[in-house]
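Residues per chain, in single letters:
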Amino acid sequence: GEAGAAATLEALCRAVEGQDSLRGKIRFQRLGLEMLEMVMERYEVRVIEDARVGRAMQYASEHYNEVVSRADLARAAGLSETRFHDLFREATGEAPVQFLNRLRLRQAMARLRYTDMPVGQVARACGFASDFYFSRFFKQKVGLSPRQFR
């Protein structure tokens, strides 16, 4: 998403200023790789063979910070919910909700790393309805609590 990319780009620019030290150079390289990863993920959304799945993925990428239901994604794809779920899984190898949660997690990781936003605010800004669910989900996927990750 735009916010995660903007936060990473801002951190990348700050890292350029501290590039004289070894630590600055390593940080600069790491941030550059993260930016490349974000660009590649965004590009991946556009090269899905089925345009209907691609539209749903684009919708999810643009609305991850909102309440997004499977029905919303199916509508974006122009399909029934059942057909959409099956087609999405066939095209991507994951359920639509898994894709959406992966987007949200990446955005949360960027915000935790590059901003001073409180954890609860990060959770809400990334579309998680509950701070508790966000913290539990984050720890399950990342292996650290959001505060430990920061």
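Computed from a predicted structure; not experimentally measured. Along each chain, the written sequence defines residue order, and numbers are assigned to residues from 1. pLDDT decides what is reported in this predicted model: residues at 70 or higher carry local features, side-chain atom pairs at 80 or more are listed and counted, and totals for whole chains, interfaces and linings draw on all residues regardless. Note: side-chain values were computed over all heavy atoms of the structure, leaving out hydrogens and water.

(A) Up close: the packing of helix α6 (residues 96–114) against helix α8 (residues 131–142). At a minimum axis distance of 11 Å, the contact between α6 and α8 shows a crossing angle of 95 degrees. The pairing of α6 with α8 is recorded here as roughly perpendicular in orientation. Across from Asn 101, Leu 105, Ala 108, Met 109 and Leu 112 in α6, the residues of α8 making contact are Tyr 133, Phe 134, Phe 137, Phe 138, Lys 141 and Val 142. Under the grouping applied here, Gly and all other residues not named as nonpolar or charged are polar, the nonpolar ones being Ala, Val, Leu, Ile, Met, Phe, Trp, Tyr, Cys and Pro and the charged ones Asp, Glu, Lys and Arg. In terms of residue class, the contact of α6 with α8 is made up of nine nonpolar, one polar and one charged. Here, axes are lines fitted to C-alpha atoms. For helices the fit covers the stretch in contact, and angles between N-to-C directions go from 0 to 180 degrees. What counts as a helix is a DSSP run of H or I of at least four residues, what counts as a strand is a run of E of at least two, and both are numbered from the N terminus. By the definition adopted for this analysis, an angle is roughly parallel if under 35 degrees, roughly antiparallel if over 145, roughly perpendicular if from 65 to 115, and oblique otherwise. Every residue pair with non-hydrogen atoms within 4.5 Å of one another is taken to be in contact.

(B) Looking closely at the environment of Arg 55. Relative to the helices and strands, Arg 55 resides in helix α3 (residues 51–63). Side-chain polar atoms of Arg 55 contact the backbone oxygen of Ala 77, separated by 3.2 Å. By the criterion applied in these results, polar contacts are pairs of N or O atoms within 3.5 Å in which, for protein atoms, one can donate a hydrogen and the other can accept it, and in which residues neighboring in sequence qualify only through two side-chain atoms.

(C) Spotlight on helix α4 (residues 70–77). Three or more residues of α4 are buried, namely Asp 72, Leu 73, Ala 74 and Ala 77. Where α4 is buried, its residues touch α3, α5 (81–92) and α6. For each residue, the accessible area found with a 1.4 Å probe, counting protein chains only, is set against the maximum for its type, and the residue is called buried under 20%, exposed over 50%, and partly exposed in between.

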